[in-house]
Amino acid sequence: MKEGDHVVAGQLLATLDLTEINAQVQQASQNVEKAQRDENRINNLYRDTVASLEQVQNTHTQTTVATEALRIARFNQQYAQIRAASSGTILQKLMNEGEYASAGTAVLEFNGADQNDWVVRFGVSDKDWAVLHKGDKAAVTIDAYPDQRFTGQVTKLAEGADASGGTYAVEVTVLPAGHKLAPGLFCTLQLQPPGKQSLTFIRSLPG
């Protein structure tokens, strides 16, 4: 996968080395099979009054534990791959093959070209946050389209202030109205809380 490559929704973009993960899934699957065989055998012995109730309960617990271990192994296997959530373009490759990636590490910067909406995220003061509500309308102008007026809506308000900046995060979803948008485009948002003075913010589109 290279910078500038076009990808389609569902396409595999990156994967961890699956050697160890696949081995864990295989081992966990075999443990489940063995636990089930042991449980069936003890159940038959219990019906013949050869095994005790405690043995039945213990083997059932072992089967449950083995099944959960298999579920976890399969979960790790499923999330060892990165697939495109939508069609778009690879803007930047942040890691190369063979590098170590810890949890939460960014691997690719991606622009979903077929998104039906874009989200602008920014922080506001406590006074501005107090008058805003989800669903408030926004009028958006984008520098790249000076004669076009886009519509938006407040779709998320933080429940608390950001620890570093002391502002409250707001997300405004912007409808592209058939226009081509890209991360980094500067826009002006004019929010209009019902019965309140309009609020104006200048931000860039993160996508």
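Since the structure is predicted, the reported quantities are computational estimates derived from the model, not experimental observations.

Cut-offs and rules
Residues numbered from 1 in each chain as written. Predicted model: local features only at pLDDT ≥ 70, side-chain atom pairs only at ≥ 80, totals over all residues. Heavy atoms only, no water. Helix = DSSP H or I, 4+ residues; strand = E, 2+ residues; numbered from the N terminus. Expected span 1.5 Å × (residues − 1). Buried < 20%, exposed > 50% of the residue type's maximum accessible area, 1.4 Å probe, protein only. Contact = heavy atoms within 4.5 Å. Salt bridge = Lys/Arg side-chain N within 4 Å of Asp/Glu carboxyl O. Pairing = 2+ DSSP bridges. Axes fitted to C-alpha atoms, helices over the stretch in contact; angles between N-to-C directions. Parallel < 35°, antiparallel > 145°, perpendicular 65-115°, else oblique. Left-handed = near helix turned anticlockwise from the far one by under 90°. Nonpolar A, V, L, I, M, F, W, Y, C, P; charged D, E, K, R; others polar. Phe/Tyr/Trp six-rings, centres within 6.5 Å; stacked < 30°, edge-to-face > 60°.

**Some points on helix H2 (residues 53–78)**
Here comes step 1: Over its 26 residues, H2 runs 38 Å from end to end, which matches the ideal 38 Å to within 8%, given 1.5 Å per residue.
Here comes step 2: Among the residues making up H2, those that are buried are Val56, Thr59, Thr63, Ala66, Leu70 and Ala73.
Here comes step 3: Close packing links the buried residues of H2 with helix H1 (19–47).

**Observations concerning the pattern of salt bridges**
Here comes step 1: For the structure shown, the criterion picks out three salt bridges.
Here comes step 2: Residue arginine 71 is joined to glutamate 68 by a salt bridge in which the shortest nitrogen-to-oxygen separation is 2.9 Å. Linking arginine 71 with glutamate 68, this pair stays in helix H2, spanning three residues, or about one helical turn.
Here comes step 3: On the accessibility criterion, glutamate 68 (36% relative accessible area) is partly exposed.
Here comes step 4: Here arginine 121 and glutamate 171 are joined by a salt bridge, their closest N and O atoms 3.1 Å apart. Of the two residues, arginine 121 is situated in strand E6 (residues 118–124) and glutamate 171 in strand E9 (residues 168–174); the sequence distance between them amounts to 50 residues.
Here comes step 5: Residue classification places arginine 121 among the partly exposed positions, given a relative accessible area of 45%.

**What to know about the pairing of strand E10 (residues 186–192)**
Here comes step 1: Burial along E10 is one-sided: Cys187, Leu189 and Leu191 are buried, and none of Phe186, Thr188, Gln190 and Gln192, which face the opposite way, are.
Here comes step 2: Where strand E7 (residues 137–142) meets E10, six bridges bridge the pair, whose relative direction is antiparallel. Bridge pairing in E10 places alanine 139 opposite glutamine 190.
Here comes step 3: By the bridge criterion, six bridges tie E10 to strand E11 (residues 199–204) in an arrangement that is antiparallel. Residue pairing across strands places glutamine 190 opposite threonine 200, the latter belonging to E11.

**Some thoughts on the packing of H1 against H2**
When two helices pack together, their arrangement is given by the angle between their axes and by how far apart the axes lie.
Here comes step 1: Relative to each other, H1 and H2 sit at 160 degrees, their axes nearing to 8 Å. Considering the angle they form, H1 stands roughly antiparallel to H2. Seen from above, H1 lies across H2 with left-handed handedness.
Here comes step 2: When the residues that make up the contact of H1 with H2 are grouped by side-chain class, the tally is 13 nonpolar, 14 polar and three charged.

**What to know about the packing of aromatic side chains**
Here comes step 1: Following the criterion strictly, the structure yields four aromatic pairs and no others.
Here comes step 2: Both rings, one in tryptophan 129 and one in tyrosine 168, keep their centres 4.8 Å apart while their planes meet at 25 degrees; by these two values the pair is stacked. Residue tryptophan 129 is located in helix H3 (residues 126–131), and its partner tyrosine 168 is located in strand E9; the two are separated by 39 residues in the primary sequence.
Here comes step 3: Residue tyrosine 168 is classed as buried on the basis of its relative accessible area of 17%.

Geometry only, nothing functional implied.
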